[in-house]
Amino acid sequence: MKKLLLWLLTLPTLGVAQDEYRASVIPAPLLTDAHAVIRRHETVFTVKSPGEATHRVRTVVTVLDAKGDDQAQLVVRYDKLSRIDDIWGALYSADGNLIKKLKKADIDDLSAYDGVSFLTDNRLKQAVFPRQPSYPYTVEFVYETTERNLMFYPTWTPQPDENVSVEKATLSVAMQANMPLRYKEVNMKTPVERVAGSQQTVYRWTIQNQSALKPEPMAPPTSELLPTVYTAPTTFEVQGYTGTILSWGDLGRFYYLLNRDRDQIPETLRQRVVQLTANEPTALGKIKKVYELVQQTTRYVSVQLGIGGWQTIEAGKVADTQYGDCKALTNYTRALLKAAGIQAIDALVRAGNGAPDIRTDFPSFQFNHVILCVPNNRDTLYLECTDQSGVMGYNGTFTGNRHVLLITPDGGKLTQTRQYKPTDNRQVRRIDVVLTADGNATAEARNLYTGIQQESRAQALVSKSQTEQRTWLLERIGIPNYELTKFSLTEHRTPIPAVAENLTLSVRKWAIPSGTRLFLPLNLMSVLDPVTPASAPRQFELDLDANWDWQDTDTVSYQLPASYTPEFIPAPVSLNAKFGDYAAQVSLKDGRLLYMRRITIRRGRHPASAYVEWVDFRRKVARHDKLQVVLVKQEVATK
């Protein structure tokens, strides 16, 4: 025990050496590619019981230039289940001299409004020193909180972003002797140091001289590349509820018990559902009727109070108020389906376009959303119950292509939402162009977008006026010198939703005249630009995520001006690579020049060395996409 106490006492305190604030002593390698340097980052998380812990963080950051100013601020969140006990801060000059200490008036106490929550007790305290006239400068912040929601333990990321280096950082987690800590180390050079005493066990991690991460295009998410330690409880208590988490089954069991028996609806509503679905001969038809009822009669309003972030409002209250958050509307929809004789299961998910999937090898509360799983023979549906305009069963970029935790009475079970393929995410263009002898053109474009490629247009249909839709389209049509004379957007609510887009365009000088010739670019609307080659040896994998699973098909028919004919017809093109395929061909028939092009890109992770191949593939595609045909005016014979 004496050894443990002595070791804890050696943890850094506020009485530190002046060198921690002087910019001139920063090791030269830490300045490379860095806008800021974390001089010290010290975190101590002390678990006093299953229901209470203290969390102390001290950070010293030297800001090197204006792009590093964001690192010179402190944001501490709190709510009904956490309390901020202390905040302290100081500002230092380049040579380490104290300029200013943080005053109470410098700390803003704000609502942590997330833009959707109707009721929330989430708040934050924010401290920012005035922007300094010269660089470098150093800031120091210390804060301590008391936590009473131990469903969550810290995730330690002392290197917060790209272009930030770390001189030294430590994480210490002190656990009661009878409470083992669960943890997951990612990109850590040195493993945990564990010191066990009769009453406490302390786990300690250290990183030193961690160089700044230089951004690379299409690298994996930054969260996968930085040193990180995930921690989680084995047992916890929050607002009188206790839980144990050793597996996904345990987590699902806790969530189920927290929310069971909250799916009771009024008898009048139950009878309404029975009558609504009585004439539907199939389960799918009944599900559709119930889902449309929820969309038509409820709205999404987030309520986050205490454990309310995880415990649903009763279905009966949703029936009365006609609103709820994701948990409440999912629970309510499940209750209505139950009345129709359809069984459904809540599914926890980490939602968001671009949000990384959960770490399936580390059972913990990694979720931010709930959807509804409805088994339907081989066609399992995942319903987004908060969307009043979405297509039933379509998950897309928000909740598709990722793991979910099904909540059953027997515990949680991991499974996956639908994996969308390139043929689900299409862009199909059919364009008729009339070309004049001076190079001008009019075009009628009939474009169809499906899956993830229709999402932005579907959102524009719902959220924008006709005038705003026109402006939105003008910003996205990649043709120089054109006018949009007419347009329409039409939604098709098929299982893979689609949006049909019709455009009438007038294009000035699409073909460039030169004497008796016209130089005609063939690809009117879908030119894919090359990507930037690597300027240094690639460090990270090439990550083509789910947003890269797509297929584009273009058919462009040109009505040529009288007496003009192609000087030659280009040979067909075919490219095949590990990333995708490309094909294009040109033909001439009855005075019309037909250009056909298809490109398919497939998601996948590839080694860093494959980036050179990706650049080469994209360069070839870009070159072929900019293919021109030379049209020559034929002399008309005279008698």
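Conventions adopted
Residues numbered from 1 in each chain as written. Predicted model: local features only at pLDDT ≥ 70, side-chain atom pairs only at ≥ 80, totals over all residues. Heavy atoms only, no water. Buried < 20%, exposed > 50% of the residue type's maximum accessible area, 1.4 Å probe, protein only. Helix = DSSP H or I, 4+ residues; strand = E, 2+ residues; numbered from the N terminus. Arc of directions from axis to C-beta. Contact = heavy atoms within 4.5 Å. Pairing = 2+ DSSP bridges. Axes fitted to C-alpha atoms, helices over the stretch in contact; angles between N-to-C directions. Phe/Tyr/Trp six-rings, centres within 6.5 Å; stacked < 30°, edge-to-face > 60°. Disulfide = S-S within 2.5 Å. Parallel < 35°, antiparallel > 145°, perpendicular 65-115°, else oblique. Left-handed = near helix turned anticlockwise from the far one by under 90°. Nonpolar A, V, L, I, M, F, W, Y, C, P; charged D, E, K, R; others polar. Salt bridge = Lys/Arg side-chain N within 4 Å of Asp/Glu carboxyl O. Core = buried A, V, L, I, M, F, W, Y, C linked by side-chain atoms within 4.5 Å. pLDDT = per-residue confidence, 0-100.

The next subject is helix α9 (residues 455-463). For α9, every residue scored as buried is listed here: Arg-457, Ala-458 and Ala-460. What you see down the axis of α9 is that its buried residues fit within an arc of 160 degrees, all on one side. Its buried side turned inward, α9 meets β27 (441-450), α10 (466-474) and β29 (498-507).

For the rest of this paragraph, the subject is the sheet that holds strand β21 (residues 345-349). Read across the sheet, five strands follow the order β23-β22-β21-β24-β25 without closing on themselves; strand pairing throughout is antiparallel. Each edge of the open sheet is held by one strand with a lone partner, namely β23 (381-383) and β25 (411-416). With direction set aside, neighbouring strand axes in the sheet form an average angle of 35 degrees. Alignment of β21 against strand β24 (residues 403-408), held across three bridges, turns out to be antiparallel. Each bridged residue has a counterpart across the sheet, and for Leu-348 the counterpart in β24 is Leu-405. Contacting β21, β22 (369-374), β24 and β25, helix α3 (residues 248-259) crosses the sheet at an angle of about 115 degrees to β25. On the sheet, helix α7 (residues 326-339) packs against β21, β22 and β23 and is oriented at approximately 15 degrees with respect to β22.

With that settled, the discussion passes to the packing of aromatic side chains. Taken as a whole and judged by the stated rule, the model has 21 aromatic pairs. Judged by centre distance (5.7 Å) and plane angle (55 degrees), the ring pair of Phe-152 and Phe-365 falls under tilted. On the criterion of sequence distance, the pair formed by Phe-152 in the loop between β9 (137-147) and β10 (155-156) and Phe-365 in the loop between β21 and β22 is long-range, its members being 213 residues apart. Overall, the relative accessible area of 34% leaves Phe-152 in the partly exposed class. Judged by its relative accessible area of 9%, Phe-365 is buried. Their ring planes at 85 degrees and their centres at 5.9 Å tell us that Phe-236 and Phe-365 sit as a pair that is edge-to-face. Of the two residues, Phe-236 is situated in strand β16 (residues 235-238) and Phe-365 in the loop between β21 and β22; the sequence distance between them amounts to 129 residues. Of the two residues, Phe-236 and Phe-365, both sit in the buried class.

Taken as a whole and judged by the stated rule, the model has zero disulfides. Counting only cysteine sulfurs, Cys-385 is the nearest neighbor of Cys-373, a cysteine outside any disulfide, at a range of 11 Å. Overall, the relative accessible area of 3% leaves Cys-385 in the buried class.

Mapped onto the elements, Asn-259 comes out in helix α3. Not counting the four nearest positions on each side in its chain, Asn-259 is found in contact with Trp-310, Gln-311 and Thr-312.

Axis separation between α9 and α10 bottoms out at 9 Å; the angle between their running directions is 155 degrees. Between α9 and α10, the angle falls in the class roughly antiparallel. Here α9 runs over α10; the crossing is right-handed. Taking contact as the criterion, the partners of Ser-456, Arg-457, Ala-460, Leu-461 and Ser-463 in α9 are, on α10, Glu-468, Gln-469, Trp-472 and Leu-473. Taken together, the residues that form the contact of α9 with α10 break down as four nonpolar, three polar and two charged.

The next subject is the environment of Ser-211. Tracing the backbone through its elements, the reader meets Ser-211 in the loop between β14 (200-210) and α2 (222-225). Judged by its relative accessible area of 40%, Ser-211 falls in the partly exposed class. Ser-211 sits 117 residues away from Ala-94 along the chain, and the two C-alpha atoms are 21 Å apart. When near neighbours in sequence (up to four residues on either side) are disregarded, Ser-211 contacts Pro-29, Leu-30, Gln-159, Val-164 and Ser-165.

Let us look at the pattern of salt bridges. All told, the structure shown has 41 salt bridges when counted by the stated rule. The partner of Arg-597 in a salt bridge is Asp-554, with the nearest N and O atoms 3.2 Å apart. A residue pair is termed long-range when its members are at least 10 positions apart, and Arg-597 in strand β37 (residues 592-601) and Asp-554 in strand β33 (residues 550-559) qualify at 43 residues. This pair shows no difference in class: Arg-597 is buried, exactly as Asp-554 is. Salt bridges here are not isolated pairs; linked through shared partners, they connect Glu-20, Arg-39, Arg-40, Glu-42, Arg-58, Glu-140 and Glu-167.

What follows is about the sheet that holds β14. Pairing between the strands of a sheet is mediated by backbone hydrogen bonds and can be parallel or antiparallel. Spatial ordering of the open sheet is given by β5-β4-β9-β2-β1-β11-β14-β13, a layout of eight strands whose pairing is mixed. A single partner strand is all that each edge strand has here, and the edge strands are β5 (98-101) and β13 (193-196). Here the strands of the sheet are splayed against their neighbours by 10 degrees on average, with no regard to which way each runs. As defined by bridge partners, strand β1 (residues 36-49) adjoins strand β11 (residues 164-176) across nine bridges and the pair is classed as parallel.

Below, the discussion takes up the nonpolar core. In this structure, Trp-205 and Leu-348 are the most contacted members of the largest nonpolar core, which totals 58 residues. Counting residues per element, this core draws most heavily on β11, at six residues. In contact with Leu-348, not counting residues within four places along its chain, are Leu-251, Tyr-255, Trp-310, Phe-367, His-369, Val-370, His-403, Val-404, Leu-405 and Ile-407. If you look at the next biggest cluster of nonpolar residues, it comprises 52 residues, including Leu-435, Ala-511, Leu-528 and Tyr-558.

Moving on, we get to the confidence of the model for the protein. When pLDDT is averaged along the protein, the result is 92; 94% of the residues meet or exceed 70. A low-confidence stretch, residues 1-17 (pLDDT under 50), is modelled with 25 contacts involving residues beyond four sequence positions or located in other chains. Long-range and interchain partners of residues 113-119, a stretch whose pLDDT sits below 50, account for eleven contacts in this model, where long-range means more than four residues apart.

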